[in-house]
Amino acid sequence: MANAEVEAVDFEPDDDDLMDEDVGDGSPSRAAATIPRLKSAITGGGSSTPKKTKGRGFRDEAAAEADRNARMAGRFDSLDSDGGPGPERSIEGWIVLVTGVHEEAQEDDLQNAFGEYGEIKNLHLNLDRRTGFVKGYGLIEFEKFDEAQQAINEMDGTELLTQTINVDWAFSKGPFRRRNMRRRSPRGHRSRSPRRRF
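Per an unreviewed UniProt entry, the protein chain goes by RRM domain-containing protein and derives from Rehmannia glutinosa.

Printed below as a string of structure tokens:
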């Protein structure tokens, strides 16, 4: 098996290799001469034009990077931020994120609970497609900042349908504050490796 010789296989058929069984008397007919030969998928058919390829691995990386840089150099729409951490206004209003919502809660339950703090422009409860129950969070949009702030201050940590809900801003600018922030080592959250022994 180690000394096995490998013979190169030619995938291009020669003219005399073709079978003339369908012709009848053995002479080539005009109908057979007009049928185009199929191109080989392995050899590319012997055509002089370069083979077109698609996908990630076949494109010119320099041209792709130049195209990406040209697209990313454009100016994007953004909301004005006044600097410093704090709540961020969405395009239409102030959005409050309510987490810990009971799975059988309805939009009317959140409307009644948060409606006393101001006019609710939009209220959205995402449902689980498989079960049809609420996923556990809701988004409530208020027109005015003061109304949203009052709803956050008074409803955070309260109980709604036998579950404690947490209420906070959906969008904030600046660094995200964690409630259970532990002091971390300068190396991050990796454990220290033991010393190497030589």
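Colleague: So what exactly am I meant to see when it comes to the overall build of the protein chain here?
Modeller: A count of helical and extended segments in the protein chain gives four helices and eight strands. Reading the helices (α) and strands (β) of the protein chain from amino to carboxyl end gives α-α-β-β-α-β-β-α-β-β-β-β. A buried classification covers 18% of the 198 residues belonging to the protein chain. The long-range fraction of contacts in the protein chain, counting pairs at least 24 apart against all pairs at least 6 apart in sequence, stands at 62%. Of the roughly 17,600 Å² of accessible surface on the protein chain, a fraction of 48% belongs to carbon and sulfur atoms.

Colleague: Could you clarify how one ought to interpret the pairing of strand β4 (residues 134-142) in this entry?
Modeller: Moving residue by residue along a regular strand, the side chains alternate between the two faces of the sheet. Relative to β4, strand β2 (residues 94-99) runs antiparallel, the two being bridged by six bridges. Bridging across to β4, Leu-97 finds its partner in Leu-139. Bridge count for strand β3 (residues 120-127) against β4 is six bridges, and the pairing is antiparallel. Counterpart to His-124 in the pairing with β4 is Leu-139. The turn linking β3 back onto β4 is made up of six residues, and Gly-132 within it adopts a positive phi angle of 85°.

Colleague: Would you take a moment to explain the pattern of salt bridges for this structure?
Modeller: For side chains bearing opposite charge, pairing can occur when the charged atoms are close. In total, this model carries two salt bridges according to the counting rule given. With its nearest N and O atoms 3.9 Å apart, the salt bridge here joins Lys-121 to Glu-141. A residue pair is termed long-range when its members are at least 10 positions apart, and Lys-121 in strand β3 and Glu-141 in strand β4 qualify at 20 residues. Residue Lys-121 is classed as partly exposed on the basis of its relative accessible area of 34%. Take Glu-141: its relative accessible area is 6%, and that puts it in the buried class.

Colleague: Even after reading the chapter, I still don't get the packing of aromatic side chains, so can you show me in this structure?
Modeller: Here the distance between the centres and the angle between the planes together describe a pair of aromatic rings. Under the counting rule described, the total for this entry stands at three aromatic pairs. Relative to Phe-145, the ring of Trp-94 lies with its centre 4.9 Å away and its plane at 70°, an arrangement referred to as edge-to-face. Taken together, the residues span a long stretch of sequence, with Trp-94 in strand β2 and Phe-145 in helix α4 (residues 145-155) at a distance of 51 residues. Residue classification places Phe-145 among the partly exposed positions, given a relative accessible area of 32%.

Colleague: Could you clarify how one ought to interpret helix α3 (residues 107-114) in this entry?
Modeller: Each turn of an α-helix holds 3.6 residues, which means side chains three or four residues apart point in the same direction. Buried within α3 are the following residues: Leu-110, Ala-113 and Phe-114. Buried residues of α3, seen end-on, are gathered within an arc of 80° and therefore sit on one face of the element. Within α3, the exposed residues directed more than 90 degrees away from the buried face are Asp-108 and Asn-112. Lining the buried residues of α3 we find β2, β3, β4, α4, β5 (159-160) and β7 (166-169).

Colleague: Sorry if this is basic, but what is going on with the nonpolar core here?
Modeller: It is characteristic of soluble globular proteins that their nonpolar side chains tend to be buried jointly. Core analysis: the largest hydrophobic core is formed by 23 residues, its most contacted members being Val-98, Phe-114, Phe-142 and Val-167. Listed by contribution, the elements that provide at least two residues to this core are β2, α3, β3, β4, α4 and β7. Ranked by the residues each element gives to this core, the list is headed by α4, at four residues.

Conventions adopted
Residues numbered from 1 in each chain as written. Predicted model: local features only at pLDDT ≥ 70, side-chain atom pairs only at ≥ 80, totals over all residues. Heavy atoms only, no water. Helix = DSSP H or I, 4+ residues; strand = E, 2+ residues; numbered from the N terminus. Buried < 20%, exposed > 50% of the residue type's maximum accessible area, 1.4 Å probe, protein only. Contact = heavy atoms within 4.5 Å. Areas by Shrake-Rupley, 256 points an atom, 1.4 Å probe, with all protein chains shown as cover. Pairing = 2+ DSSP bridges. Salt bridge = Lys/Arg side-chain N within 4 Å of Asp/Glu carboxyl O. Phe/Tyr/Trp six-rings, centres within 6.5 Å; stacked < 30°, edge-to-face > 60°. Arc of directions from axis to C-beta. Core = buried A, V, L, I, M, F, W, Y, C linked by side-chain atoms within 4.5 Å.

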